[in-house]
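Listed below are the residues making up each chain.
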Amino acid sequence: MDSLTNLIDGFGVILTPANLLYVLLGVMIGTVIGVLPGLGPTATIALLLPFTYGMEPTSAIIMLAGVYYGSMYGGTITSVLLRIPGEAASAVTAIDGYEMTKAGRAGPALAISAVGSFIGGTIAIIGLILIAPSLAGFAVRFGPPEYVTLTVLGIVMVTYLGTKSTLKSVIAAAIGLLLAVVGTDPIAGTTRFTLGLPGLFSGIDLVAVAMGLFGVSEILYVMERSGQSHGKIGEVGRLTFSREDWKASRGPITRGSLLGFPIGVLPGGGGVLSSIASYGVEKRRSKHPEEFGKGAIEGVAGPETANNASSISAFIPLLTLGLPSNAVLALILGALMAQNITPGPQLITAHPELFWGVIASMLVGNLILLLLNWPMVGFFVQLLRVRIGIIGGIAMLITLVGVYTLNNSTFDMWVMLIMGVLGYFMRKFGFEPAPLVLAFVLGAILEESFRQSMLLSDGSLAIFATRPISAVLSVFVLVFIASSIWGAVRKDKKPSIIDQAKELAGED
Amino acid sequence: MNSEQTAVATHSVKDKIFQRVPYAVGALIGLYFLLGAIGLGVGTLSAPAPGLWPSIVAVVLIGCCVVGMLIGGDGEDIEDFAGRLLRPAIGVATLSLFILMFSRFGLVLSGLVVLVIWFRFLARETWFMSVVLAVGATVVTYLLFVQLLAARFPDDVIAQLWGGR
């Protein structure tokens with residue numbers, strides 16, 4: 001019952017004209033960005049960060065959260081109508097969604113995704129309300145050794161669950177950890193690896209890194225092929241679905257919610273993995289698996305529900321442990337830090353208005369998205385006529401100017417540009433930028449906790465095995481590492497789910 | 001994801017070297033941090049010095065890169081892009097030009113010049129469209145950041161003509 005009164009207080013926070021406007025703004029921007037190929041949610045949130053510094057913390061986070069789950073909706077539209085996933089998590093939807101469009105059933109595909117996303121999002125919010133406070137209460141007892149094993153587990157899982165080579169992800173993560181070291185040593189106060197540049201004394205700015213790796217590199221990447229126009233945009237038709245469609249989708253939506261929720265909590269899980277997992281489950285359970293890939297509505301309803309559920313539950317590790325589970329959440333962590341709020345187990349009790357306000361905003365935002373989708377799909381489709389080169393130019397200008405406002409220095413602009421070039425080559429050589437950014441964010445927490453643990457234990461690594469919670473976490477770390485190595489030795493490219501993903505998503 | 005992203009064949013010696021380039025670069029980065037960390041002092045586990053943590057991470061990085069160099073890759077997720085570097089390179093040069101101009105002339109002039117270049121030569125719009133879009137985007141950015149967010153930018157030589165800053 002406590003949660004209920006808190007939630008009502010949360011609605012008190014959110015139901016002010018200003019905050020409602022921020023929710024609306026967030027989900028609108030998110031949807032538009034999700035529709036436009038070339039700019040993902042991570043780049044957009046990086047782009048918006050400078051705008052949040054002058055806002056109330058709660059307003060800032062509800063807007064950024066809105067961008068995140070709004071982009072999940074937007075990505076669906078282009079996947080279904082054009083077979084172009086606006087963001088990665090919708091890649092699976094493109095398979096059957098586009099087939100439905102070709103069969104003149106774009107309306108039902110979009111409508112069932114909207115309803116599925118709404119249900120998945122809402123169920124995930126309820127899960128968040130039930131789980132987060134007790135998890136935070138449990139995590140209050142965590143000391144430095146627990147944080148070391150937890151962050152290591154997070155990084156290991158991000159590399160393990162990534163869609164590309166594990167070895168490459170580990171290398172990216174290690175570089176992220178090293179970049180986090182640049183600046184002034186948190187304990188001894190000496191400067192490290194600053195190359196004598198004053199701009200580096202306070203460390204490399206997270207926003208500059210993220211904007212470079214996700215924004216600039218993505219634009220450089222699409223610039224190679226600019227000038228190409230999209231294919232013909234399919235007819236949308238009436239945005240409704242029949243009773244039979246609903247009967248077929250009921251199960252996938254329910255299972256998608258239940259599947260997406262835990263996957264979103266996992267570090268590196270998030271939208272992509274949950275939608276792939278849901279597609280796999282639905283295909284296996286189906287009485288007519290041969291229809292998958294030829295326009296089965298189950299293949300749209302399940303994954304869309306799952307990726308929305310996971311984009312909500314991904315907030316749990318950040319709000320309860322202070323540890324972001326993916327690159328988007330890493331940036332939201334950055335936004336909180338800029339407001340002098342350090343997320344962690346104390347967040348819910350120290351800033352209840354923030355926690356419950358964000359939750360209430362998610363319920364409101366999901367409702368707005370559901371209502372918005374119906375009348376506005378036509379408008380979003382028109383956005384696709386804007387050529388990518390134009391979007392790229394405008395995005396570049398705003399990105400550069402925005403990063404300048406971080407510290408009013410051109411230094412951050414150069415950092416971002418260098419990171420952009422690095423990100424471009426990483427993509428080209430098959431490295432994911434996400435592990436780098438996540439490790440970069442976790443680096444400071446990890447190093448500090450590690451050194452504190454060593455001081456506590458007088459230099460004995462046994463401290464990670466003797467305390468019960470960190471012992472359990474250490475076992476998980478070892479299991480994941482062993483399974484990666486075992487997989488590499490046996491020449492399995494990846495665990496089965498990833499193979500499935502490649503098969504499903506990359507069937508071009 | 002895109003059908004024109006062709007995978008690099010694994011057969012030729014040139015390709016084998018090409019696939020190992022990122023691992024070599026990674027190893028060099030690791031080596032730089034390792035040497036720097038040793039210079040900072042590693043200390044002991046019971047009394048960690050500033051160089052301890054970076055040296056641990058650097059060793060992991062070097063180790064992974066060495067493994068990568070030994071086993072190589074199958075080249076599956078590497079794109080053959082050597083012939084397509086021109087446009088991204090022009091993009092980077094344009095952005096560098098913006099940063100250099102921005103600190104001297106402020107937002108408006110730099111934004112106009114760089115966007116016209118971008119739209120005309122990278123996005124291949126017509127001259128007319130390029131100029132119209134550049135003016136529009138620059139004005140909106142100026143209004144957004146300078147008027148709405150009150151950002152402190154370097155003195156703007158164009159905006160000053162109208163009494164702005």
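Residues numbered from 1 in each chain as written. Chains lettered and ligands numbered in written order. Predicted model: local features only at pLDDT ≥ 70, side-chain atom pairs only at ≥ 80, totals over all residues. Heavy atoms only, no water.

1. Observations concerning unusual backbone geometry
All names here are of chain A. We count it as follows: A run of H or I in DSSP counts as a helix once it spans at least four residues, and a run of E counts as a strand once it spans at least two, with each numbered from the N terminus. Burial status follows relative accessibility: with a 1.4 Å probe on protein chains alone, a residue under 20% of its type maximum counts as buried, one over 50% as exposed, and anything between as partly exposed.
A positive phi angle, near 50 degrees, is found at Asn-408, a position not held by glycine. With respect to the secondary-structure elements, Asn-408 resides in the loop between α17 (388-407) and α18 (410-428). Taking relative accessible area as the criterion, Asn-408 reaches 39% and is therefore assigned partly exposed. Although it is not a glycine, Asp-458 sits at a positive phi angle of roughly 60 degrees. You can see Asp-458 is positioned in the loop between α19 (434-457) and α20 (463-466).

2. Focus: the domain arrangement of chain B
Cut-off, in case you're wondering: How far each domain reaches was decided by an automatic or database domain assignment.
Split into domains, chain B comes out as domain 1 (13-82) and domain 2 (85-162). Placing the centre of domain 1 of chain B and that of domain 2 of chain B at their C-alpha centroids yields a distance of 38 Å.

3. Observations regarding α19(A)
Residues and elements named next belong to chain A. Where we set the bar: One fewer than the residue count of a helix, multiplied by 1.5 Å, yields its expected span. Fitting axes to the seven residues that end at a residue and to the seven that start at it, the angle between those axes gives the bend at that residue.
For α19, spanning 24 residues, the distance from its first C-alpha to its last is 33 Å, which sits close to the expected 34 Å at 1.5 Å a residue. At Leu-442, α19 shows its maximal kink, close to 45 degrees. With 17 of 24 residues buried, α19 lies mostly within the body of the structure. At the exit of α19 stands Asp-458, carrying a positive phi of roughly 60 degrees.

4. Things to note about the packing of aromatic side chains
Filter applied, for reference: Two aromatic rings from Phe, Tyr or Trp, using only the six-membered ring of Trp, form a pair when their centres are within 6.5 Å; if the ring planes differ by under 30 degrees the pair is stacked, by over 60 it is edge-to-face, and anything between is tilted. In our convention, an over-ring charge means Lys NZ or Arg CZ found within 6 Å of a ring centre and within 35 degrees of that ring's normal.
Evaluation of the coordinates by the stated rule reveals 21 aromatic pairs over all chains. Centre to centre, the rings of A:Phe355 and A:Trp356 are 5.0 Å apart; their planes meet at 90 degrees, and the pair counts as edge-to-face. Assigned by exposure class, A:Phe355 and A:Trp356 land together as buried. Taking the centre distance of 5.3 Å and the plane angle of 70 degrees together, the rings of B:Phe102 and B:Phe153 count as edge-to-face. With B:Phe102 in helix α3 (residues 86-105) and B:Phe153 in the segment after α5 (127-148), the pair connects residues that are 51 residues apart, well separated along the chain. We note that B:Phe102, like B:Phe153, is buried. Among the aromatic residues, ring-to-ring pairing joins A:Tyr404, B:Phe98, B:Phe102, B:Phe145 and B:Phe153 into one connected group. Directly above the aromatic system of A:Tyr221 lies the positively charged group of A:Arg427, at a separation of 5.9 Å from the ring centroid. Lying across the ring of B:Phe121, B:Arg120 places its NZ or CZ 5.9 Å from the centre.

5. Considerations on helix α1 (residues 13-40) of chain B
Applicable threshold: The contact definition used throughout considers only heavy atoms, calling two residues in contact when any of these lie within 4.5 Å.
Between its first and last C-alpha, α1(B) extends 40 Å over 28 residues, near the 40 Å set by a 1.5 Å rise per residue. The sharpest bend along α1(B) measures roughly 35 degrees and falls at B:Val21, with the proline B:Pro22 sitting one to four residues further on. Residues of α1(B) that are buried: B:Asp15, B:Gln19, B:Pro22, B:Tyr23, B:Gly26, B:Ala27, B:Gly30, B:Phe33, B:Leu34 and B:Ala37. Where the residues of α1(B) are buried, they touch α8 (166-181) of chain A together with α2 (52-71) of chain B.

6. Quick look at the environment of A:Phe11
All names here are of chain A. Structurally, Phe-11 is set in helix α1 (residues 2-14). Looking at Phe-11, the relative accessible area reads 26%, which means it is partly exposed. The spatial distance from the C-alpha of Phe-11 to the C-alpha of Trp-356 is 7.8 Å, given a sequence separation of 345 residues. Those residues within four positions of Phe-11 in sequence are excluded, and the remaining contacts are Ala-360, Leu-363 and Val-364.

7. Considerations on a nonpolar patch on the surface
Residues and elements named next belong to chain B. Put simply, the test is: A patch is a set of surface residues, each over 30% in relative accessible area and not in a salt bridge, joined within 9 Å for like charges and within 5 Å for the nonpolar side chains Val, Leu, Ile, Met, Phe, Trp and Tyr. Here the Shrake-Rupley method, with its probe set to 1.4 Å, supplies the accessible areas, and only the displayed protein chains count as covering residues. Every case where a carboxyl oxygen of Asp or Glu lies within 4 Å of a side-chain nitrogen of Lys or Arg is listed as a salt bridge.
A contiguous nonpolar surface patch, about 560 Å² in accessible area, is contributed by Phe-121, Trp-127, Val-131, Val-135, Val-139 and Leu-143. Per-element tally for the nonpolar patch: the top contributor is α5, with five residues. On the secondary structure map, Phe-121 appears in helix α4 (residues 107-122). Judged by its relative accessible area of 48%, Phe-121 falls in the partly exposed class.

8. Quick notes on the interface of chain A and chain B
Much of the literature gives interface size as the accessible area that the parts lose upon coming together. Let me state the cut-off plainly: In short, buried area is how much 1.4 Å probe accessible area vanishes from two parts on joining, totalled over both. N or O atoms within 3.5 Å of each other form a polar contact, as long as, within protein, one can give a hydrogen and the other can take it, and as long as residues adjacent in sequence are counted only when both atoms are side-chain atoms.
On the side of chain B, 70 residues touch chain A, which itself brings 67 residues to the contact. Counting the surface lost from both chain A and chain B, the interface buries some 6,000 Å², and carbon and sulfur atoms represent 77% of this. Taken together, the connections running from chain A to chain B amount to zero salt bridges. Linking chain A with chain B are two residue pairs in polar contact (both at pLDDT 80 or more). Among the secondary structure elements, those contributing two or more residues to the side of chain A that touches chain B are α8, β2 (191-192), α9 (206-223), α17, α18 and α19 of chain A.

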